[in-house]
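# Close look at the chain arrangement
These are the residues of each chain, in order.
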Amino acid sequence: MSVKARDSLKYWTIRIIGWQPKKLFLGTILALVTALSGIALLMLSGWFISASAITGLAIAAGIMVKLDIYLPGSGIRFFALSRTIGRYAERLYNHNLVLSLIAHLRQQLFAGLVHRSNNDFKHTPSSEWLSKLTADLDSLDNILLNILIPTVVALSTTVILGLFIAFFWPLLAFWLTLCLVFICLMTASFIIKLSSFNSYQTAHLLNVARGQAIEHLQGQLVLQSMGANDLHQRHLLDTIEQFGEIQRRLNHGVQNIQLMHSLLLGMTIVALSLSAFWGVEQGFFDGPIAILLILAAVGIVELLQSVPAHFIQWGKTTYAAERLYLLASSPQQKSNQVQQLAKALLPTKQITSPLHQVHLSVSNHPYIPASVDEPIAFTINSTDKLLIIGKSGRGKSTLGDLLSGQADTLNLTTTHCEIVVNNIPLHTDNIKSWQQSLGYLSQQNAILADTLYANLTLGQPEVGLAQIHAALDIVELRDWALSLPKQLDTWLGDTGNKLSGGQARRICLARIILKSPQFLLLDEPFNGVDSSMAARIWQNLTPWLQDKCLVLMMHEKPLFWTLSDKQQYPVNILSI
Amino acid sequence: MVKRVKTQTNSRPASGLEFLRSLAKQQSKKLRMSVLFGLLSTVVMISQWLSLAYLAHQIIIQHQSLDKNWPASLILLSSVLLRPIFLKFKNNYAQTASWLIRQHIRSLVLEHWKISSPLMSHHHSPAAAASQWVEEVEAMDGYFSQYWPQQMLAVLAPLLIIIPVFYLNWLCGMLLLISAPLIPLFMILVGLGAESVNQKYFVMRQRLAGHFLDRVKHLSTIKLFNAHQPEINDIKQKSDDYRKVIMQTLKIAFLSSTVLEFFTSVAIASVAIYIGFSLFGAITWGPSTELSLFSGFAILLLAPEFFQPLRNLSQFYHDRASALAASNNLVNLFKISYKSTNRLTGKTEEQGAVPPAYFHYQTPEQGLALVDLVIGHQHALQTPLNLTLQLGDIVSVSGPSGCGKSTLLNTLAGYLSPINGQLFIPTFDVHRPQIAYLPQQAWLIQGSVLNNIVLFNPAIDEEELNTVLQAVNLLEDIKQRDLGLSTEISEDGLGFSGGQSQRIALLRLMMAPTALIIMDEPTASLDTQNRQRVIEQIQKLAQNAIIVVATHDHDIFNIANHHVVLKAPLDATKGSKNVG
């Protein structure tokens, strides 16, 4: 395991323990009580039947012996009940704990993500990235459920029962505890070593296999007509075969460690049982006590049998911890000192409205093919309108992302990229202030899974109903919104009202209208909207656009342009 | 392997559960071995507790010495040591079976991809289909390696355990036997209760569960609108709401495991009290007088073991749920393939349908012929097409968007069957027909430039390669790179322009010649210089092939010697009349 992985595991463990130590303690105590109740139930039952067997025989032989059979009887009933209730309470309590922990971690993680630049997870994260994130988050509760709580419970049980045995035979207790701790430490370290290596390998191979499968599917048009499917799927099968080999090795390793673990524990039990019987023979204690000691040991060993199963997740957990650590720790914190120093020397100028001038120049940008052919540069003043026309694949959207500060300017020596607003160059520290006076409609429709109202008022809770209706009027959605059963409270997204592409587009546009920024950057604003509707919306927008600075990006000169030629403002056209 | 694949596809599983069962049947030998070793471990477990109880009786009641009882001690030791060995074999058989089954499922899916037309829906979201192939199949592991053997053991192991208990004391045996069917009954009741609560909160739960991912997905928008602070608080709030909803269900769902816990505890307690009282002499009726410490202690030790297999099964129950979900998805995937299969690869016989009557393969010298070909999906898009071409011909296909250019190309490639008419396709080997298809966006594989070029013909030698590279002016481009032909093409194609990618794809075709080459807009999105080079390469390819190219490019019209100009599509009603 690398130092980095160990550090991130430590980081999350400290985070988890420091989060709500009292509740964690209570959850662990509940688990401990449950475990001890189960063992005590068996111990007391064993003691009770052997004691009554001896007493019964004595009574039959005519010897007067006293044994209270009712007190142990109620003890047995008590433990039976406390084990059952304890188990239920423990499961409920700890699951509640884990769910609140996840809620807490999500909040932390989101706060961390907010402070990261978009380059770290691309403009819109892929579903694959998102599902990995969820899986990683879920893996973190392993720290609590599979590592912290079971280890503490197992250790405490061993110590408590060791002390109990020591009460009757200290030497035996000493050796038993020593053996058990040694066996468990050895097993845990073997399992950790095995799973750290293999988890990384399996995760890596599965990723490779997924990539190859995607490639295979994308190539079907080419492969099938050539009859070359078998030829290409060989790589895919090779990777999966390798994955199977690693998994087989992991399984065999776990099986062997579990075997060794169980054999050693079994030998310990047999040794302890025979010692206890020998103790009876020697008259150290009577028979029922021997049974008591044997069952105590059987109880601990049963609990310790699951040590390999708990630590098998170790590798996956550290792997997840490492990835999440990178996301959750904001880079600002790390280089805080350096930045403060830099800020003191050269204070960053924030961009304040009103905007006078925006200038952009890009050349040789790998994601903007148009800039490779010939540098792109333009300057627009406060109420200018600029139309950028470029075919798909020319890098329009990347240009939009650059201008909106969503994509980091690349640090390639061959690439030149500069955005200057009000004579202030744009960089990480003043991007936020720039984005405040910016309204960017990107090509993807970002509809949050929430109500229509929440979608429209994103980031602007103070917006009033009248303004919302006015904005909906502009995008011609007011009648639609009023016709919805719950109107503005209608739920949008996967589990709610299904939107057409055009409706989603217009909601995103309305959101920007409500923000009413001075600088507008609209990338194909009428995608999915039919041309007559587009023309009407354009007409509605015109008065509102009058005092705004607009950059409009289209793949061809829009049809509505001619319709609204009577507009007063001149439009510059840039073809890329 | 192939044979098994065929029998599988013929039997057509109707439901996910049925599919899982049929898969388990294939590896039934290994799975049964796993169950067998599980039962063997139960047997040695019984002997372990019996010998311990026997020792206790001999030493505590009979006051015998330990030395005299070495056979029982030896049995105890060997049972304790044999049990983990048997369990290892049990796991090993089940895990091997699970791996073989997963490999088999994967080959079934690959086979399905091969025979289903690339125009099918699952090819449009390759990422989802790929993760089905990788992750979903992986999610079925637990079902075969854990759940399946355990569901057998949950029935068989308690039956084994009850035998010695009955022998020792029939009353205790009866007690356990009566409680056994009660457990599943209670668990089903609890399950139903949990399900109804679950249903009640279904939509709410779904919304809350997806909340966090949704916000992460839209993080850039949230940042743009400066709404991250309220969203951070909202995430905490919604996650807490989610916790509350989930806990409502869990409160009931956990009762299920509590039922098991309850029965185990009650069984131990009542057995202990009954045995204790009997041994004390407080109970004198029934078989209690025959109890000894041996039988009493043995029953006490066996009672929790009686419930253990069922408790293990309930632990693995979620493996069943995830396997079933994955299996249902697979069954749905396979269902699609029965409806439409790729005509070219001739896999239609599996459907029991007639072999494709539209496609005929002939030698390259006989050329390409379209005879009264009517193309379209459900309705004819064009009036019947007739065309005859010879080797060396280049035919351009053009027309307004929606006129059926891609439909024609896909029909020629065999990905779509025509509505009517005949197609005569030239190929070098009639028994192993090959048609080259060049999509608009060049399809490059991850790997080196060389890997890409020799993809369809790995036997090519370097000298030959250099000659061809020289011929198409790619040699210079490639030599400029530090690693030359070994330069890796990364996932996003960074470092290679669209033109270079297209030319590499064309080069691949030159390395593995076919008689018919189909191209879809090969020069769209290319600049003038690259376009010129691609056109030169197309002309070289045409020397020994027939090229059908859909295009808007005038430079390509100029090199083509045939032109098919498709008209605006026929309307649907008229089209269907045409078919009739």
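Residues numbered from 1 in each chain as written. Chains lettered and ligands numbered in written order. Predicted model: local features only at pLDDT ≥ 70, side-chain atom pairs only at ≥ 80, totals over all residues. Heavy atoms only, no water.

Counting along an α-helix, one turn takes 3.6 residues, and residues three or four places apart therefore face a common direction. Residue and element names in this part refer to chain A. The end-to-end C-alpha separation of helix α19 (residues 501–515) is 22 Å, in line with the 21 Å expected for 15 residues at 1.5 Å each. The buried fraction of α19 amounts to 14 of the 15 residues, a majority that puts the element mostly inside the structure. Among the residues trailing α19, Ser516 stands out with phi positive, at a value near 50°. (Helix = DSSP H or I, 4+ residues; strand = E, 2+ residues; numbered from the N terminus. Expected span 1.5 Å × (residues − 1). Buried < 20%, exposed > 50% of the residue type's maximum accessible area, 1.4 Å probe, protein only.)

Turning our eyes to something else, we now look at the interface of chain B and chain A. At the interface, 124 residues of chain B touch 128 residues of chain A. Carbon and sulfur atoms make up 71% of the area that chain B and chain A hide from each other, which totals about 11,300 Å². Interface area lost by chain B to chain A is led by B:Leu224, B:Phe225 and B:Phe280, which between them contribute 7%. Put simply, chain B and chain A have five salt bridges between them. A salt bridge links B:Glu261 to A:Arg83; the nearest nitrogen and oxygen atoms lie 2.8 Å apart. (Contact = heavy atoms within 4.5 Å. Buried area = accessible area lost by both parts, 1.4 Å probe. Salt bridge = Lys/Arg side-chain N within 4 Å of Asp/Glu carboxyl O.)

Moving on to the environment of A:Val159. Within the secondary structure, A:Val159 is located in helix α4 (residues 127–168). Once the C-alpha coordinates of A:Val159 and A:Ile300 are considered, the two residues, 141 residues apart in sequence, prove to be 9.9 Å apart.

A separate point is the confidence of the model for chain B. Any region with low pLDDT has predicted coordinates that should not be read closely. Residue and element names in this part refer to chain B. Counting all residues, the mean pLDDT for chain B is 80, and 86% of those residues have values of 70 or more. Here helix α20 (residues 572–579) stands out as the least confident element of chain B, with mean pLDDT 38; helix α3 (residues 28–61) is the most confident, with 94. Taken as a whole, residues 338–355 scores under 50 in pLDDT and shows 39 contacts with residues more than four places along the chain or in a different chain. Low pLDDT, under 50, characterises residues 572–580; the stretch is placed with five contacts to residues that sit more than four places away or in other chains. Predicted complex metrics record ipTM = 0.82 and pTM = 0.80. (pLDDT = per-residue confidence, 0-100.)

Of the residues in chain A, 86% reach a pLDDT of 70 or more, and the chain-wide mean stands at 80. For chain A, the element scoring lowest by mean pLDDT is helix α11 (residues 331–334) of chain A, at 48; helix α8 (residues 287–304) of chain A scores highest, at 92.

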